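Letter by letter, the chains look like this.
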Amino acid sequence: MESIAQLLQLIPKYDALPGLVRAYMPMLVSSLVIFGLLSLVVLFLVWWERKISAHMQDRLGPMYVGGWHGWAQTIADAIKLLLKEDIVPESTDRVLFKLAPFVVFLGAFAAFVVLPFGASSIVSDLNIGVLYIIAVGSLAVVGIMMAGWSSNSKYSLYGGMRSVAQIVSYEIPAAMAIMTVVILVGSLSMQQIVGAQKGGIQNWFIFRNPFTFLAFFVYFISSLAEVNRTPFDIPEAESELVAGYHTEYSGMRFAFFYLAEYANMLVVAGVATTIFLGGWTQVLPGALTAQLIPGPIMFFLKVLVLIFVQMWLRWSLPRLRVDQLMYLCWKVLLPASFVLVIGVGWVAVYWK
Amino acid sequence: MRTYFTDIWLTMVTVSRSMWVALLHLFTRSVTLQYPTEKWTMPERTRARLFNKIEDCIGCGQCARACPTDCITIETEKRGKDEPAIFASDGTPIKLRTYVFDIDMTLCCYCSLCVFPCPTHCLVMTTAYEYSVYNKQDHVYHFAVDKPMSAKPAKEHHPADKA
């Protein structure tokens, strides 16, 4: 945000503006920049997911719109969704129904505040960054419950309930897995966590010690459940619940749920990248690659690799049953993450 | 306790195995055919739209009699004695002028029974399978080119009108 504040100084007579405007302008501009980039990336991700899913099933996927491999398909879809009629079913709780998609999106969008895209490209390097991400991540639960409840439809309600139960459960192993790295770094600030992993692949926390290596997988599995993706997509199980909590939505509000889903994928992949895969630092040690690949692009590449794995899992694994889901969370991942935290604590105390 | 850990191990093994299969399929060639631009070549003996080579047709009407759904309508008249003798490509003399030879493809059941009796092999089934038209009457294919010479008026004839 500091760099955006500096850029705003270039506007003529900027200093003559009222103080309140100058105080809020950098926030507004940086959120607009992130929103714009996010929409573009989500459009790409939707297309990419469709291509990957198609090719994993020996199909081709979208091929016509835009010419080369249907690259404009999602743009056309987005325009179609925005132009569609915004239907609010009669028996819904109108206020909650209309508000819910934006609350869900807010939960995903707010997390971008502390994601470090580069050495200076971060909206705000909060000293409680990790805590903040975990906190705003649970905001989506409220929105999903609002959507499920207000739709007044059994599919939506089931989807919302399942989703809330799942997200609330899986937040614990996810937070505990992050905690292992926080113990090692001794800071909750995202930039300091990245700074502790500088100097190439061997300094990434995933390869630092066996406990953080396993913690990465615990976090990744839990994050899959948090963003309701396969094999944990029982809230949106299309074969049972039509589409889960967004069954009754159409048009732009549906598009916002979609945007929030992919934004959430970006967030969890970004957090996993930041905390375990070195964030915007280079893969290879040495200063040569640092000049070739800028930090934000490095960050984005790592995020894309993780998102590819998320999509890959989606087309490899069947959906878990509700009891299997809860078994995995409470009986496997949670004890495992406790063991990992204790192990990392032991390493932090006795190995250094 | 033992099954707890073997289950975890089994999960890891099976998940990685299924991921490996999915990854292999990511790089196999797609089986999709981009239909309107690419098309399958149909087998040689496909039974699809009927075609009559009217120059070889002697107007015998055996196809119309063989048709179980009465989708072929043939109307003929005798050629005059003074008209030049014409022959089908296999040498059969054409003694009748076929001025109506209509096939209603909406009625056709693709049994191919009309093809076998044709003495000059002029009625065949082609491999064309795209029939979409805007008007139902466009499914009636008119193969006749000659006009009737006799006095009786040539009525507009569609097999579909019979019903």
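These numbers were taken from a predicted model, which means no experiment stands behind them.

S.K.: Explain the overall build of chain B here, please?
M.R.: Counting its regular elements, chain B contains two helices and seven strands. If one aligns the C-alpha atoms of chain B with their principal axes, the spans along those axes are about 105 × 35 × 30 Å. Expressed as a percentage of its 163 residues, the buried residues of chain B come to 17%. The long-range fraction of contacts in chain B, counting pairs at least 24 apart against all pairs at least 6 apart in sequence, stands at 76%.

S.K.: Sorry if this is basic, but what is going on with the confidence of the model for chain B here?
M.R.: On average, residues of chain B score 84 in pLDDT, and 91% of them reach the 70 mark or higher. Listed scores for the predicted complex are pTM 0.80 and ipTM 0.76.

S.K.: Explain helix H1 (residues 2-26) of chain B to me, please; I cannot follow it from the model alone.
M.R.: For an α-helix the count is 3.6 residues per turn, leaving residues at separations of three or four pointing the same way. Between its first and last C-alpha, H1 of chain B extends 36 Å over 25 residues, near the 36 Å set by a 1.5 Å rise per residue. With respect to burial, H1 of chain B is a largely exposed element, only one of its 25 residues being buried.

S.K.: Is there a simple way to think about the packing of helix H3 (residues 73-83) of chain A against helix H11 (residues 251-276) of chain A in this case?
M.R.: Pairs of packed helices are described in terms of their axes, by the angle between the two and the distance that separates them. All names here are of chain A. At a closest axis distance of 6 Å, the pairing of H3 and H11 adopts a crossing angle of 135 degrees. Looking at the two axes, H3 sits oblique to H11. Packed against H3, whose contacting residues are Ala 78, Leu 81 and Leu 82, the element H11 presents Gly 251, Met 252, Phe 254 and Ala 255 at the interface. Here the residues of the contact of H3 with H11 sort into six nonpolar, one polar and no charged.

S.K.: What is the right way to read the sheet that holds strand S2 (residues 72-78) of chain B from this model?
M.R.: Pairing between sheet strands relies on hydrogen bonds along the backbone, with the strands arranged either parallel or antiparallel. Residues and elements named next belong to chain B. Strand order in the open sheet formed by three strands is S2-S5-S7, with antiparallel pairing between adjacent strands. Strand pairing shows two members of the sheet lacking a second neighbour, S2 and strand S7 (140-142), which therefore form its edges. The mean angle between the axes of side-by-side strands here comes to 15 degrees, regardless of whether they run parallel or antiparallel. Sheet topology places S2 next to strand S5 (residues 96-104); seven bridges connect them, and they run antiparallel.

S.K.: Sorry if this is basic, but what is going on with the nonpolar core here?
M.R.: Where a protein is soluble and globular, its nonpolar side chains tend to be buried together. Among the nonpolar cores identified, the biggest contains 93 residues, and Val 104, Tyr 219, Leu 259, Tyr 262, Ala 263, Ala 272 and Phe 276 of chain A are the most heavily contacted of them. Looking at which element gives the most residues to this core, the answer is H11 of chain A, with 17 residues. In contact with Leu 259 of chain A, not counting residues within four places along its chain, are Ser 39, Val 42 and Phe 105 of chain A. Of all hydrophobic cores here, the second largest spans 16 residues; its members include Leu 50, Cys 57, Ile 72 and Ala 144 of chain B.

What counts, and where the lines are drawn
- Residue indices follow the written sequence of each chain, beginning from 1 at its first position.
- Whichever chain is written first becomes A and whichever ligand is written first becomes 1, with later ones labelled in order.
- Given that the model is predicted, a residue must reach a pLDDT of at least 70 before its local features are reported, and side-chain atom pairs must reach 80 or more before they are shown or counted; all residues, however, enter totals for whole chains, interfaces and linings.
- Each helix corresponds to a stretch of at least 4 residues labelled H or I by DSSP, and each strand to a stretch of at least 2 residues labelled E; elements are numbered beginning at the N terminus.
- Comment: burial labels come from other C-beta atoms within 10 Å of the residue's own C-beta, placed from the backbone, where a count of 20 or more is buried, 12 or fewer is exposed, and between is partly exposed.
- Contact between two residues is assigned when their C-beta atoms, built from the backbone, lie within 7 Å.
- The pLDDT value expresses, per residue, how confident the predictor is, ranging between 0 and 100.
- A helix is expected to span 1.5 Å for every residue after the first.
- In this analysis an axis means a line fitted to C-alpha atoms, helices contributing only their contacting stretch, and an angle means the value between N-to-C directions, from 0 to 180 degrees.
- Note that the term roughly parallel is reserved for angles under 35 degrees, roughly antiparallel for angles over 145, roughly perpendicular for angles of 65 to 115, and oblique for everything else.
- Following the grouping adopted for this structure description, the nonpolar residues are Ala, Val, Leu, Ile, Met, Phe, Trp, Tyr, Cys and Pro, the charged ones are Asp, Glu, Lys and Arg, and the polar ones are all others, Gly among them.
- Should DSSP find at least two bridges between two strands, the strands are taken to pair.
- The nonpolar core is taken to be a set of buried Ala, Val, Leu, Ile, Met, Phe, Trp, Tyr and Cys residues joined by way of C-beta atoms within 7 Å.

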